[in-house]
There are 2 protein chains.
Amino acid sequence: MNLNKIFNPKTIAVIGASSSPNKVGHDIFRNLLDSKKKVHPVNPKAKKILGMIVYKSVMDIKGKVDLAVIAVPAQTVPVVLEEVIRKKVPFTIIVSAGFSESGEIELEQKVIGLAKDKTTILGPNCLGIINPHKKLNVSFFNKMPKKGSIAFVSQSGALGVAMLDWAIKNNIGLSSFVSIGNAIDLEYSELLKHMDRDKNTKAICIYMESVRHGERFLETLKSVKKPIIVLKAGKTKTGEKAAFSHTAALATEDAIYEGIFRQGKAVRVNTLYQLFEIAQVHALDQQPKGKKALIITNAGGPGVIASDAFENAGLELVDLPKHIKKELNDILPKHWSNNNPIDIIGDALPIHYKKTLNKLKNATFFDFIMVLLTPQTMTNPTEVAKELVAFNKKTKYPVFACFMGGHQVSEARRLIKKGGILHFMEPEYAAQVISKMVIK
Amino acid sequence: MNLNKIFNPKTIAVIGASSSPNKVGHDIFRNLLDSKKKVHPVNPKAKKILGMIVYKSVMDIKGKVDLAVIAVPAQTVPVVLEEVIRKKVPFTIIVSAGFSESGEIELEQKVIGLAKDKTTILGPNCLGIINPHKKLNVSFFNKMPKKGSIAFVSQSGALGVAMLDWAIKNNIGLSSFVSIGNAIDLEYSELLKHMDRDKNTKAICIYMESVRHGERFLETLKSVKKPIIVLKAGKTKTGEKAAFSHTAALATEDAIYEGIFRQGKAVRVNTLYQLFEIAQVHALDQQPKGKKALIITNAGGPGVIASDAFENAGLELVDLPKHIKKELNDILPKHWSNNNPIDIIGDALPIHYKKTLNKLKNATFFDFIMVLLTPQTMTNPTEVAKELVAFNKKTKYPVFACFMGGHQVSEARRLIKKGGILHFMEPEYAAQVISKMVIK
C-alpha cells in the first residue's frame, strides 16, 4: 500500500476544526496551518476559524481531498465518515477517542464496516502523524521535532507526546512520527513497509503493547531491511493486566512476541531511552561490527566500572597487540595501564587523548572505542571533546563517549553530541545499549 | 578512633603549598584559605603564598597542628613525614601520588613504618577530605558541595571528582567526602564508624575496588546502624584485571564480597547514579516499608511500562480495595482504569491528581506511591508537581515521581526535586532503585 499521501498530502480537511483553543480540533487545525499545505476547516456550526472560511461538510470542498482528519465526538464519527467516503478521500485519521478503549466496541465495528476498502484509516483514539521533512504536523502535539532519520511508531499517544517532547529537548531528529491508537485499519505492517521505502528513514522505533496480525507482522519484520527497535510493554503478568485495562487488547504470552522479534531480527529493548539511543546509533551509522571493545580513560575507577559493565553485557575487552603497546609507550606517561582499558592517567592532557586516538585510527583489532573522562585537576574536558569530534570524522569504527561529572563536563558533552558522537551518562548504560546492537 | 580532628581541625599545615596555580599544593592551600581555619603554608623555597608567610618546616609553626597535608613529590614524603611526626601532628593526609599504585612499594612501606602509631594517615594517592558542614575543603577539588546528609567514601579520586561535580550540579547535599587512595592506614572501617556517629550523616555511600581487612570490614558493617550503599567495582574477571592495573590490589573473588555485603546488610548497587539515588532516599527519609506499590498515571502506556518494570524488579502492584475504587469512582472520569495503576485518563487536570492523592492520604494498603505523568493537551505538569509537593508534606508514606518528556516537564521536575521528592527519568530505573531499598 502506498502511504505517501498520508505522510505528504496536498490537501487536508479537518472535520471538527474549532476556534476554541482548548479543543483538539483547534490544535490540529492550527498546527496544520503552519504546514503551508492546502488545509480546509470543516464544521457545521462555525463560519470562520483562524481567518479561514469553514465548510459545513467535507463534500462542499471543491477539488480532491487527500487526507481527512476527524476530531468530532465519537458518536458523530460514523456520520462524517460517510461523507468522507462519498467525497472519495483516500486517507482518514480519526483522532477522536471513545471507541473500544472505552468499551464502545459496537461503535468501533460500525466505523470498520463503513470504511472497508473505501478509505484507509489511522486510529481512532490516536495523536496523529508528524512528518518533520515536510513540516507537516497532523496531530495535536504543538511542536515540530527536528528533521532526522528516526521513524517512531507508538501505540500510546501519551507516550508519543512524552517522547516527542524529549526528542526535541535532546535535539534528536525524526523522519516521521505515527500514533496508531486503536489501529483498526493501518497497523505496524503497512507503516513499517512505508518507512523501509522512505529515503529519510534510517532506523525504526516501535512502542508496542499488542499486535493484531502476528503472522503478517512477522513477515513484515523479515522483509524490512532497516533496523527495527522495539519496546514491547505488557511483558509481565502485572503489565499484561495494566495493558488490558488500557487498550482492551489482551496481550498474549510474552514468549510469542519474543519469538517474533527474534525471528524478525528486531532489537528488543527494556526502556524508552534505550529505544532512542539505539535508533540514534543507527541514524549516525555507528553500529559496531562486533563485540570487541577498546576503552580509553583518564581514570582507573571508571575504567574498572566500564570493564565490569562491558563483560556483564557480553562485550569483550580485547588485549592490546604488542606493537600498539610499544607505540603507546612512546607517547604516554610512564605509568599508563599498559592494557585495555588504556588508562592514560589522571593528569592526561588533551594531547594525550589525541595522540592515543591517532595511533588507533587505522587499527583493526577492535570493533568500537569508548572514551571515558572524569574532570580532574589537569583535565580539559572541552578540549578533549574537540579532539574526539575531530577524530570521529577521520575514523571508520564507532566512537562512543562517557564524560562523567556535572558542570565541569557540560560543555564537553554538548560538543560531543553536536559532533555526532553518542554520549552515555554512565558506563553500565552504555554497555547495555551497545550490546543490544552487536549481540544477536 | 576519634576522627573529629581530621574532619574539623583547628589548625592545618599544608606541606608543599605552592604559589603556582598549576600545582596541587596551590589548589589545596587556596581551598583551605576559604575555610577560615588557621592554615599555614610550608615550603622551604617560597616566602609568601597568597599573602601568607611561609614556614620552611612544619616544626617551625608555633602551637599545635591538628592536621598536616602533604603535597610534595613522593620521594620527599618520608623526610617531611618525619618532621610531621616530630611535631606530633595527630592526622596526616598524603595526597602525593607515586607509591604502590606506580610500583613504588618500598617507598610506601617506608611511609607505613615511619607513621606507625605516631600519626594517622589518609592516603597516599588521594584527593583528600571535604566537610561541607564546616566549609572545610582539604582537597584539590575546587568547589564546595552543598551541606547535606550523605557521606561518600571513594577509593578512586577521579571518580570522586566526577561524583562531587555531579552532586553539585544536581543540588545533592553531602555530610562529608573522603578519598582514601591507597589506604595504607585509614580504611573503610574507621571512616564508617565515624560517619555512623556523625550527627549530620543519614546514609553512607562507598565506591570500593578492594578492601584490605575483610573481617574487620564485615564487623564494622554489622555494627554500623546507618544505611550503607556500596558500588563495588572489579566484579567480573575483566573488571578485576582492570582494577589490578589501577591500584595494584588484587581483587579477590567477587562472591566473598557479595557475602560480606549480604551479612553486613549493605545495599550493593550496579551504577554510580544508583549509589546516590538510594542514598538520597535515605537522606530524605523516604525508604518504603515494603514492596507494595501504587501507581497513579495520566497515561496508559507508561502505566504498562511501569507495571512491567516493577514486577521485574520484584515489587508488587497491590489490588485496590473495593471502598477505594468506590471513592475514586466519585471523583474520576468514567473511564478511569478501576485498577492499579490508577489511570486517571489523558485529560486529567491537576485537581484530579489532587483529589486522587487525598483519597489515599491515610490509606494503608500499600507501601509507597509512584506518580507518572506525560504532558498531554490538557495536562498542566507544573501545577500537578505543586499538588504533589503539597501532598508529600502531608503523608507518611514515600512518594516518588516520574514525569516523562522534555521541555514541557522541565519546570515540574525542578519543583518536584526541590520539594523533596525523588524524581526518576524512567519507570525501569525507578523500579531498580526502589527494589534495592525494600528487598533484602
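For clarity, every value in this text was computed on a predicted model and none was experimentally measured.

Conventions used here
- Residues numbered from 1 in each chain as written.
- Chains lettered and ligands numbered in written order.
- Predicted model: local features only at pLDDT ≥ 70, side-chain atom pairs only at ≥ 80, totals over all residues.
- Heavy atoms only, no water.
- Helix = DSSP H or I, 4+ residues; strand = E, 2+ residues; numbered from the N terminus.
- Buried < 20%, exposed > 50% of the residue type's maximum accessible area, 1.4 Å probe, protein only.
- Contact = heavy atoms within 4.5 Å.
- Areas by Shrake-Rupley, 256 points an atom, 1.4 Å probe, with all protein chains shown as cover.
- Lys, Arg positive; Asp, Glu negative; His and termini not counted.
- Charge placed at Lys NZ, Arg CZ, Asp CG, Glu CD.
- Buried area = accessible area lost by both parts, 1.4 Å probe.
- Salt bridge = Lys/Arg side-chain N within 4 Å of Asp/Glu carboxyl O.
- Polar contact = N/O pair within 3.5 Å; in protein donor to acceptor, adjacent residues only side chain to side chain.
- Least-squares fit on C-alpha atoms with pLDDT ≥ 70 in both.
- Pairing = 2+ DSSP bridges.
- Axes fitted to C-alpha atoms, helices over the stretch in contact; angles between N-to-C directions.
- Domains from an automatic or database assignment.
- Nonpolar A, V, L, I, M, F, W, Y, C, P; charged D, E, K, R; others polar.
- Patch = residues over 30% accessible without salt bridge, like charges linked within 9 Å, V, L, I, M, F, W, Y side chains within 5 Å.
- Expected span 1.5 Å × (residues − 1).
- Phe/Tyr/Trp six-rings, centres within 6.5 Å; stacked < 30°, edge-to-face > 60°.
- Lys NZ or Arg CZ within 6 Å of the ring centre and 35° of its normal.

### Notes on the overall build of chain A
Of regular secondary structure, chain A possesses 16 helices and 20 strands. Projected onto its principal axes, the C-alpha coordinates of chain A cover approximately 80 × 50 × 35 Å. Within the span of chain A, comprising 440 residues, buried residues form 63% of the whole. Pairs at least 24 apart in sequence give 71% of the contacts found in chain A among residues at least 6 apart. When the accessible area of chain A is evaluated, it comes to approximately 17,600 Å², of which 51% is carbon and sulfur surface. Side-chain charges of chain A comprise 62 positive and 40 negative groups, with the mean position of each set lying 8 Å from the other.

### Observations regarding the interface of chain B and chain A
Facing the 70 residues of chain B at the interface are 70 residues of chain A. Together chain B and chain A conceal approximately 5,400 Å² of surface at their shared face, both sides included; 58% is due to carbon and sulfur atoms. At the surface where chain B touches chain A, the tally comes to zero salt bridges. Across the contact surface, chain B and chain A share 22 residue pairs in polar contact (both at pLDDT 80 or more). Those elements giving two or more residues to the side of chain B that touches chain A turn out to be α5 (157–169), β13 (228–232), α8 (237–247), α10 (272–283), α11 (300–312), α15 (407–418) and α16 (427–438) of chain B. Broken down by element, the residue count for the side of chain B that touches chain A peaks at 10 residues, all from α11 of chain B.

### Digging into the relation of the copies chain B and chain A
Superposing chain B onto chain A takes a rotation of 180° plus a shift of 0.0 Å along the axis, which leaves an RMSD of 0.0 Å. On this basis, the relationship between the two copies can be described by a two-fold rotation axis. Among all residues of chain B, the minimum C-alpha distance to the rotation axis is found for Tyr429 of chain B, at 5.4 Å. Interface overlap between copies: 100% of the residues of chain B at the interface are likewise at the interface in chain A, consistent with a symmetric, same-surface contact.

### Some words on the sheet that holds strand β9 (residues 136–139) of chain B
By way of backbone hydrogen bonds, the strands of a sheet pair with one another, either parallel or antiparallel. All names here are of chain B. Spatially, β9-β8-β11-β10-β12-β13-β14 is the arrangement adopted by the seven strands of the open sheet, whose pairing is mixed. The sheet is open, and its two edges are formed by β9 and β14 (267–269), each paired on a single side. In this sheet, neighbouring strand axes are inclined to one another by 20° on average, regardless of whether the strands run parallel or antiparallel. Looking at chain direction, strand β8 (residues 128–131) and strand β11 (residues 174–179) are connected through three bridges and run antiparallel. Note that in β11 the partner of Ile129 across the bridge is Val178.

### Here we look at the domain arrangement of chain A
Residue and element names in this part refer to chain A. Once the domains are mapped, chain A shows domain 1 (1–125), domain 2 (145–283) and domain 3 (292–438). Summarising the inter-unit geometry, the C-alpha centres of domain 2 and domain 3 are found 32 Å apart. Contact with domain 3 buries surface across domain 2, with Gln274, Glu277 and Val281 losing the most and accounting together for 55% of the total. Viewed at the interface, domain 3 and domain 2 are joined by zero salt bridges. At the junction of domain 2 and domain 3, the tally comes to three residue pairs in polar contact (both at pLDDT 80 or more). Mapped by element, the contributors of at least two residues to the side of domain 2 that touches domain 3 are β14 (267–269) and α10 (272–283). Here the side of domain 2 that touches domain 3 gets seven residues from one element, more than from any other, and that element is α10. Its residues placed into classes, the side of domain 2 that touches domain 3 shows five nonpolar, five polar and two charged.

### Description of the sheet that holds strand β10 (residues 147–154) of chain A
Residues and elements named next belong to chain A. As summarised here, the arrangement of the seven strands in space is β9-β8-β11-β10-β12-β13-β14, forming an open sheet in which the pairing is mixed. With one partner strand each, in any of the chains shown, β9 (136–139) and β14 form the two edges of the open sheet. For this sheet, the mean inter-axis angle between neighbouring strands, taken without regard to orientation, is 20°. Relative to strand β11 (residues 174–179), β10 runs parallel, the two being bridged by six bridges. Bridge pairing in β11 places Val153 opposite Val178.

### Side note on the environment of Lys394 of chain A
All names here are of chain A. Considering the arrangement of structural elements, one finds Lys394 in helix α14 (residues 381–394). Along the primary structure Lys394 and Asn362 are separated by 32 residues, whereas in three dimensions their C-alpha atoms are 9.5 Å apart. Apart from residues lying up to four places away in sequence, Lys394 is in contact with Asn358 and Lys361.

### Considering the pattern of salt bridges
Should their charged atoms come close, side chains of opposite charge can pair. With the rule as written, the count across this model stands at 16 salt bridges over all chains. Between Lys386 of chain A and Glu383 of chain A there is a salt bridge whose closest N-O contact spans 3.3 Å. Residue Lys386 of chain A and its partner Glu383 of chain A are located together in helix α14, separated by three residues, close to a single helical turn. Residue class for Lys386 of chain A comes out partly exposed when judged on its relative accessible area of 45%. Glu383 of chain A sits in the partly exposed class, given a relative accessible area of 32%. Measuring nitrogen to oxygen at the nearest pair gives 3.2 Å for the salt bridge that ties Asp285 of chain B to Lys202 of chain B. In this pair, Asp285 of chain B sits in the loop between α10 and β15 (292–297) while Lys202 of chain B sits in the loop between α6 (188–197) and β12 (203–208), placing the two residues 83 residues apart along the sequence.

### As for the environment of Asp60 of chain A
Following the sequence through the fold, Asp60 of chain A ends up in the loop between β4 (52–53) and β5 (67–70). Measuring from C-alpha to C-alpha, the distance between Asp60 of chain A and Lys87 of chain A comes to 9.0 Å, with 27 residues separating the pair along the chain.

### Some details on a nonpolar patch on the surface
All names here are of chain A. Where nonpolar side chains cluster on the molecular surface, the patch consists of Leu349, Ile351 and Met378 and spans about 230 Å² of accessible area. Note that Met378 resides in the loop between β18 (368–373) and α14. What makes Met378 partly exposed here is its relative accessible area of 38%.

### Details of the environment of Lys36 of chain A
Residues and elements named next belong to chain A. Residue placement: Lys36 occurs in the loop between α2 (24–33) and β2 (38–42). Using a relative accessible area of 78% as the deciding quantity, one classes Lys36 as exposed. Lys36 sits 98 residues away from Lys134 along the chain, and the two C-alpha atoms are 9.5 Å apart.

### Brief notes about α11 of chain B
All names here are of chain B. In this model α11 runs 18 Å from its N-terminal to its C-terminal C-alpha over 13 residues, within 8% of the 18 Å that 1.5 Å per residue would give. In terms of residue burial, α11 counts as a mostly covered element, since 11 of its 13 residues are buried. Buried within α11 we find Gly300, Gly301, Pro302, Gly303, Val304, Ile305, Ala306, Ser307, Asp308, Ala309 and Phe310. Gly314 occupies a position one or two residues after α11 and carries a positive phi of about 85°.

### Some words on the packing of aromatic side chains
Inspection of the entire model under this criterion finds 28 aromatic pairs over all chains. Aromatic side chains Phe368 of chain B and Phe400 of chain B sit 5.8 Å apart centroid to centroid with 65° between the ring planes, which places their arrangement in the edge-to-face category. Taken together, the positions of Phe368 of chain B in strand β18 (residues 368–373) and Phe400 of chain B in strand β19 (residues 399–403) put the pair 32 residues apart, joining distant regions of the chain. Take Phe368 of chain B: its relative accessible area is 0%, and that puts it in the buried class. Since its relative accessible area comes to 0%, Phe400 of chain B is described here as buried. Among the aromatic side chains, those forming a connected cluster through ring pairs are Phe152, Trp166, Phe177, Tyr273 and Phe276 of chain A. The ring of Tyr257 of chain A has Lys232 of chain A lying over it, and the distance from NZ or CZ to the ring centre is 4.3 Å.

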